[in-house]
Amino acid sequence: MLTLTEEATTAVKTITAQFPDAAHGGVRIEGAGTPESQFALSVVDAPESGDAVVENAGARVFLDTDAAAVLDDRVLDAQIDPEQGSVQFAVTTAS
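Residues numbered from 1 in each chain as written. Predicted model: local features only at pLDDT ≥ 70, side-chain atom pairs only at ≥ 80, totals over all residues. Heavy atoms only, no water.

Colleague: When you look at the overall build of the protein chain in this model, what are you seeing that I'm missing?
Modeller: Secondary structure summary: the protein chain contains two helices and seven strands in total. Counting helices and strands in the order they occur from the N terminus, the protein chain gives β-α-β-β-β-β-α-β-β. For the protein chain, the spread of C-alpha atoms along the three principal axes comes to 30 × 30 × 20 Å. Classification of the 95 residues of the protein chain by burial places 33% in the buried group. Looking at the protein chain alone, contacts between residues at least 24 apart form 53% of all its contacts between residues at least 6 apart. For the protein chain, the exposed area adds up to about 5,700 Å²; of that, 47% sits on carbon and sulfur atoms. Taking the average place of the 4 positive charges on the side chains of the protein chain and the average place of its 16 negative ones, the gap between the two points comes to 4 Å. (Helix = DSSP H or I, 4+ residues; strand = E, 2+ residues; numbered from the N terminus. Buried < 20%, exposed > 50% of the residue type's maximum accessible area, 1.4 Å probe, protein only. Contact = heavy atoms within 4.5 Å. Areas by Shrake-Rupley, 256 points an atom, 1.4 Å probe, with all protein chains shown as cover. Lys, Arg positive; Asp, Glu negative; His and termini not counted. Charge placed at Lys NZ, Arg CZ, Asp CG, Glu CD.)

Given below as structure tokens:
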């Protein structure tokens, strides 16, 4: 199952806090066929039927079936630009 770094946990919580309708929701990741593919991220108020749910310290990430298969045993990390407030997510292999 996908795991979240502390930075990714903070980023997910910060992003979802900006959307009042998603207060109990999270970030949904829709996948493609390989870890090198780009993934679509969206803020949602609840997981869709069949989504895998990853929770860490109050951060919730929902993975569609394709993303769950591709990201199994991977780590979601994030870098936050303190000046611009932008977030860049990266997926790495678990060590």
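So much for the structure itself; the text now carries on.
Colleague: Whenever I open this one, the sheet that holds strand 7 (residues 87-93) confuses me. Can you help?
Modeller: Hydrogen bonds between backbone groups are what pair the strands of a sheet, and the pairing can be parallel or antiparallel. Ordered by their spatial adjacency, three strands build an open sheet running 1-6-7, and the pairing between neighbours is mixed. Looking at which strands have only one partner, the edges of the open sheet turn out to be strand 1 (3-4) and strand 7. Note that strand 6 (residues 74-80) and strand 7 share seven bridges and pair antiparallel. Paired with Val 75 across the bridge in strand 7 is Thr 92. Packing of helix 1 (residues 6-17) onto the sheet brings it into contact with strand 1, strand 6 and strand 7, and relative to strand 6 it is tilted by some 65°. (Pairing = 2+ DSSP bridges. Axes fitted to C-alpha atoms, helices over the stretch in contact; angles between N-to-C directions.)

Colleague: How should I be thinking about the nonpolar core in this particular structure?
Modeller: Generally speaking, a soluble globular protein has its nonpolar side chains buried in company with each other. One finds Leu 2, Leu 4, Ile 29, Val 61, Leu 63 and Leu 71 to be the most contacted residues of the largest nonpolar core, which totals 19 residues. Broken down by secondary-structure element, the contributors of at least two residues to this core are helix 1, strand 2 (26-30), strand 4 (52-56), strand 5 (59-63), helix 2 (65-70) and strand 6. By residue number, the principal contributor to this core is helix 1, which donates four residues. Excluding residues within four positions of it along the chain, Ile 29 makes contact with Phe 39, Ala 40, Leu 41, Val 61, Phe 62, Leu 63, Asp 64, Ala 67, Leu 71 and Leu 76. (Core = buried A, V, L, I, M, F, W, Y, C linked by side-chain atoms within 4.5 Å.)

Colleague: Whenever I open this one, the sheet that holds strand 5 confuses me. Can you help?
Modeller: Taken in spatial order, the four strands of this open sheet run 3-2-5-4, and their pairing is mixed. Where the open sheet ends on each side, the last strands, each with one partner, are strand 3 (40-44) and strand 4. Across this sheet, the average inter-strand angle for adjacent strands is 25°, counted without regard to direction. As defined by bridge partners, strand 2 adjoins strand 5 across three bridges and the pair is classed as parallel. Opposite Arg 28, over in strand 5, you have Phe 62 as the bridge partner. In the packing of helix 1 onto the sheet, contacts are made with strand 2, strand 3, strand 4 and strand 5, and the angle to strand 5 comes to roughly 90°.

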